[in-house]
Each structure stands twice: as structure tokens, then as C-alpha cells.
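# Breakdown of the fold
Take a look at the letters that make up each chain.
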Amino acid sequence: MSRRNVWSGEETMEMLEIIKEKNLMELFTMNSRTLKADCDVYKIIEEEMKMNGFPLKDSGQIYHKWKNLKRAFYISRKTNQGTPNCEFAQELKEILEQQCLTSREVLEQRRKQKDPLLLEEGQPAPTKRRRGPPPKTIRNQILDKLSRMMKDQNEEYAKKWNDLYDYEFKLYKRKEKEQAAALNALLDASKADVMNRFDSMFSDEPSNVPEDGQVIEEESIEPTAITSKQSTVMAAKEPSAIVKFYLIFYNAAQVLGWSYMLYQLIAYYTIDKGTDKTLWEYLGPTVILFQNAAVLEIVHAFTRIVPSNPVITTFQVLSRVMVVCGVVMATPTGKVSPGLPLAILAWSITEIIRYGYYALNLVDAVPQLLIFLRYTTFIALYPTGVTGELLCFFWAQSHVAKTKQWSIEMPNQYNFTFSYLYFLWAVMLLYIPLFPQLYLHMFAQRKKILGSPATKQQKTN
């Protein structure tokens, strides 16, 4: 049973390369006339392919493959107006359209060199192939007509496709303009709303009721009820005796904790300057304990024992917890960040004043100096703390980028991805819109509580 003539791409390319390198086209031309008895060209190709590592093809298979390739090449060239697009078209074009050197001078020259592939004397010379276009048969006419029809249809299809593409592009541009106009209108409205809020904040009598009707609390974090003279700004319910005792204890404990933390920070750079410990190893447990204890302020806000806004309180508390637990504790680079001492210094001074103010306010014994510090020290401490926090974030992201810490990559069974590095950068970028609002809000509160010198003089008069 004969083997099927199945050729791989490598075998076909090898056969064409042999025909091209050995210049066997002239032998193909003379094969059926002069060399059929003495020299089989296909045997030569078979031997060359065996030498090059393709032993599975014999001369008969090579003959049929070469015949099929030529037929496909000529049909493709004819139907495509002289431009073949069949398989191996480029290689076949180089072989079939090269000049065939079969002149008598070349044959005589090879005979003198005793080329064994040449014709012996006495054998008839090869006849010339018929040149010129083939006769116009009915089949050729039908093929020409079909090719012209296909060309016309392709041109019409391309024209309709271009028209449709232009129409869709116009629709897209129109929709884009409409969306841009709507977005600009939304931005203008938001800008006007922000400017109105800023004007009300810097006016003599700032409004605490926004357009949506929700009341804005006086302080973003207010763990105690305000019972002093400033209670006219925001009315709060008088807490029960148990709740009042608990809030006094909580605020006093926070004052002691943050005071001890400030002492540790100063001692690290003065008394214990030569210690082998890092700053975080020296005071890290204190920071973890008292900073995470601020989570109770979220509970206070949601249980309404203090009049703070629960959402704002949650965001502000979790931002610091994020710095401590998600940045400094989580990464080795965050522990050695130059922003860590800045953040701890700003936090400790701010919290000592704030919690002291809250504790004394519960017993209606807030001194005027503490009120002044409460609404003045933030001018320097807020930018210092924010700078330290951002530096901690920046130092931590280098470690997260290298180790891909706390990141989830695809593929996984939940078909979900999460990048902790991008999360850190997103939190850092949130400081840009949020910090100015909080900072300006504190200036408005300072103006409301302390008042300007001109206002005080008018009140005195």
C-alpha cells in the first residue's frame, strides 16, 4: 500500500531551497525530453533531502508535489491578475520566473567540463516552450469575468464599509461632545459649590448647614460632649454620669499615653542617643497601643455618646491606623522612614492638647491657654504630621513593589486581582483633596472660637 503524499512545511521549503540552490529549473525543462533516460532530477532532489535530514520522501512523491505546487502557482497568478497569493508564492516566483540557462553555448561549455548531467552527443536538443498568452477558451473567459465581478464587488464593499465607518465616527464625536459638555457643567457646579463653602467658612458667621440639610459637626473627631461656652455652636446632649466618667477616664488615659510617647521620642534622641535600637523598636509598642485605642472613638460616634460625625471619624481614625499597621508595622522600610519621627512628634503634641481639652471640657474647667493651643498649634503640626505620613507611605511602597506584599494576582479561583502597591498610592493621592479641606476647616473653627483681634476689640467696647 503506497504512502500518502503528505508534506510538512519544512519538507516543502527544503525541496524548494534545493531546486533554487542547485539551479535545477533547466533540468526540469529538459527532464521530459533529454534527461529522462540518463538522469532523473527528482532522484537528485531525493538524495539531497536525505542528506539534509528528510529521508521520508521519494522521487515519486517529489514529482507529484512539484507538479501540484506549479499548478497552484499558475492558477493563483492567473486569477489574481498576475499576482500569485498561494502558499509558498514568493519562493515559487523566484524559482519559476528566473532565467533558464539552456542555451547551446552553456550546454557546450558544460560538455567540455564533462558534466555528467549533460546530454550525450547525438541526443536531440530540447524543444522550446511555446511563448505568448494561452488561447482564449470558454473556461478562461468565464474565469476572467468572475475575477472582474469579484473585483467590482470588493470595491463596492470597501466603499460601503468606509461610509459606515465615517458615519459611526461622526456619531462617536457627537456623543463625545455631549458628554464633555455635561462633564463641564458638572465641574462648574461643583466648583461653585466648593467656592460657596469656602466663602461661608471664612465669613464672620460660618454656616453649619450645607445645601443638603445635613448638619456639619464643629470638630471632625469629638470624643467628648462639649459643655463649655462654645456649646452654642453645636448643641450636644448631656451624657449620663457613667458615660461621663468613662469619657474622662478614656481621655485622661490617652493624655498620659501620648505624653509618655513624646517623652520616649525626646529620650531616644537625647538620653538614649547611643542605643542600638531603631526608633520603632524603642517606642513602637506605645504607638501601637494608644494609636489603635483611638478606634474606640468610632464606637463613641456610632453609639452617639459624642456628637461626632461617624463617617468622618471613621475615615480620620483609620487613616492613622493605616499608617501604623498597614505601613510601618507591615514593611521594614516603613520602620526606618525619616517621616516616622515627624509623624510621631506631630501626633503626640496634637493628641496631648486634644485629649486634655476634651477631658477638662467634661468638667467645665478648660483654661484659656489650652483653648488657644487647641486652635493654634495645628497650623504647624498638621503639615508636619501629613509630611511624616506621606514619607512613611513612600518608603513602604518600595518594599511592596519588590515583594508584591499583600497583593493578589491572576489567575486564581476567585478571578480577582488586588495590588497593595496601587492601594498605597491611592491613599497617598487622597491626601491632595482631603488635607486642604480639613486644614481650612480648622482655620474656620479657630476664627469662630478665638475670633479676630478686631472682633475682640468690638466686643470689649
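All residue numbers here refer to positions counted from 1 along the written sequence of the relevant chain. Local features are withheld for residues below a pLDDT of 70 in this predicted model, meaning they are given only at 70 or higher, and side-chain atom pairs are given and counted only at 80 or more; totals for whole chains, interfaces and linings count all residues. Each side-chain value is derived from all of the structure's non-hydrogen atoms; neither hydrogens nor water enter the calculation.

## Examining the overall build of the protein
Under the scheme used here, helices are H or I runs from DSSP no shorter than 4 residues and strands are E runs no shorter than 2 residues, and both carry numbers assigned from the N terminus. Assigned secondary structure in the protein consists of 17 helices and 0 strands. Relative accessibility decides the category of a residue: with a 1.4 Å probe and only protein chains considered, values under 20% of the type maximum give buried, values over 50% give exposed, and everything between is partly exposed. By residue count, 34% of the 461 residues in the protein fall in the buried class. Considering only contacts within the protein whose residues lie at least 6 apart along the sequence, 69% involve residues at least 24 apart. When the accessible surface of the protein is summed, it comes to about 29700 Å², and 60% of that surface belongs to carbon and sulfur atoms. Contacts were defined at the residue level, with two residues in contact if any of their heavy atoms lie within 4.5 Å. Residue burial considers only the protein chains on display, and all accessible areas are found by Shrake-Rupley using a 1.4 Å probe.

## Some details on the packing of helix α1 (residues 9–21) against helix α5 (residues 89–96)
For the pair α1 and α5, the least separation of the axes is 10 Å and the interaxial angle reads 20°. The orientation of α1 relative to α5 falls into the category roughly parallel. Crossing angle aside, the handedness with which α1 passes α5 is left-handed. In contact with M13, L16, I19 and K20 of α1, α5 contributes E91, L92, E94 and I95. Just so you know the grouping, Ala, Val, Leu, Ile, Met, Phe, Trp, Tyr, Cys and Pro go in nonpolar, Asp, Glu, Lys and Arg go in charged, and all remaining residues, Gly too, go in polar. Its residues assigned to classes, the contact of α1 with α5 comprises 5 nonpolar, no polar and 3 charged. With axes taken as lines fitted to C-alpha atoms, and helix axes fitted only over the stretch in contact, angles between N-to-C directions fall between 0 and 180 degrees. Throughout, the term roughly parallel applies to angles under 35 degrees, roughly antiparallel to angles over 145, roughly perpendicular to angles from 65 to 115, and oblique to all others. Should the near helix be turned anticlockwise from the far one by less than a right angle, the crossing is termed left-handed; should it be turned clockwise, right-handed.

## Some remarks on the nonpolar core
Judged by nonpolar contacts, the single largest core of 50 residues is most densely connected at V327 and F393. Of all elements in the fold, only α8 (241–269), α9 (279–292), α11 (310–328), α13 (339–362), α14 (368–374), α15 (378–403) and α16 (420–449) reach the threshold of two or more residues within this core. Examining the composition of this core, we find that 9 residues originate from one element, α16, more than from any other. If near-sequence neighbours (up to four positions away) are discounted, F393 is found in contact with M322, V323, V327, L424, V427, M428 and Y431. Only buried residues count toward a nonpolar core. Its members are Ala, Val, Leu, Ile, Met, Phe, Trp, Tyr and Cys residues joined through side-chain atoms within 4.5 Å. L27, L69, L92 and L96 belong to the second-largest nonpolar core, a separate cluster that totals 21 residues.

## Quick notes on the packing of aromatic side chains
Stacked, edge-to-face and tilted labels apply to pairs of Phe, Tyr and Trp rings (six-membered ring for Trp) whose centres lie within 6.5 Å, assigned for plane angles under 30 degrees, over 60, and everything in between, in that order. This structure, assessed with the given rule, holds 21 aromatic pairs. On the numbers, 6.4 Å between centres and 35° between planes, the contact of Y382 with Y439 is tilted. Within this pair, whereas Y382 is found in helix α15, its partner Y439 is found in helix α16, the two being separated by 57 residues in sequence. Between the aromatic rings of F418 and F423, the centroid separation amounts to 6.1 Å while the plane-to-plane angle is 50°, which identifies the pairing as tilted. By way of ring pairs, the aromatic residues F378, Y382, F435, Y439 and F443 are connected into one cluster. The ring of Y357 carries R374 above its face, with NZ or CZ at 5.8 Å from the centroid. Two conditions define a charge located above a ring, namely a distance within 6 Å from the ring centre to NZ of Lys or CZ of Arg, and an angle within 35 degrees of the ring normal.

## Notes on empty space enclosed by the protein
A probe matching the size of a water molecule, rolled over the atoms, marks out where space remains unfilled. Residues are called lining when one of their atoms sits within 4 Å of a cavity or pocket point, these points coming from a 1 Å grid over the protein atoms alone, where a cavity is a set in which a 1.4 Å probe fits but cannot get out and a pocket is an open set with protein on both sides within 12 Å along at least five of seven lines. Grid points are joined across faces, edges and corners, and a volume is the space filled by probe spheres set on the points. Under the defined criterion, the tally for this structure stands at 2 cavities of 30 Å³ or more. Each pocket or cavity is described by its volume, and for the largest cavity that value is around 60 Å³. Every residue lining the largest cavity is listed: T350, I353, L373, R374, T377, F378, Y382 and M442. Listed by contribution, the elements that provide at least two residues to the lining of the largest cavity are α13, α14 and α15. Estimates place the volume of the second largest cavity at around 30 Å³.

## Let's talk about the side chain of T350
Residue placement: T350 occurs in helix α13. Residue classification places T350 among the buried residues on the basis of a relative accessible area of 14%. Within the local environment of T350, its side chain forms a polar contact with the backbone oxygen of A346, the two atoms lying 2.7 Å apart. If sequence neighbours within four positions are ignored, T350 has contacts with L381 and Y382. For this analysis, a polar contact is any N or O atom pair within 3.5 Å, provided that within protein one partner can donate a hydrogen and the other can accept it, and provided that sequence-adjacent residues contribute only side-chain to side-chain pairs.

## Observations concerning α1
For a helix, the expected span equals 1.5 Å multiplied by the residue count minus one. The terminal C-alpha atoms of α1, which comprises 13 residues, lie 18 Å apart, in line with the 18 Å expected from a rise of 1.5 Å per residue. Turning to α1, its buried residues number three or more, namely E11, T12, E14, M15, L16, I18 and I19. At the exit of α1 stands N23, carrying a positive phi of roughly 55°.

## Observations concerning the packing of α1 against helix α3 (residues 41–51)
Viewed as axis vectors pointing N to C, α1 and α3 meet at an angle of 120°, and their least axial separation amounts to 10 Å. Judged by the inter-axis angle, α1 sits oblique to α3. Seen from above, α1 lies across α3 with right-handed handedness. Residues E11, E14, M15, I18 and I19 of α1 touch α3, and the partners they reach there are I45, E48 and M49. Its residues assigned to classes, the contact of α1 with α3 comprises 5 nonpolar, no polar and 3 charged.

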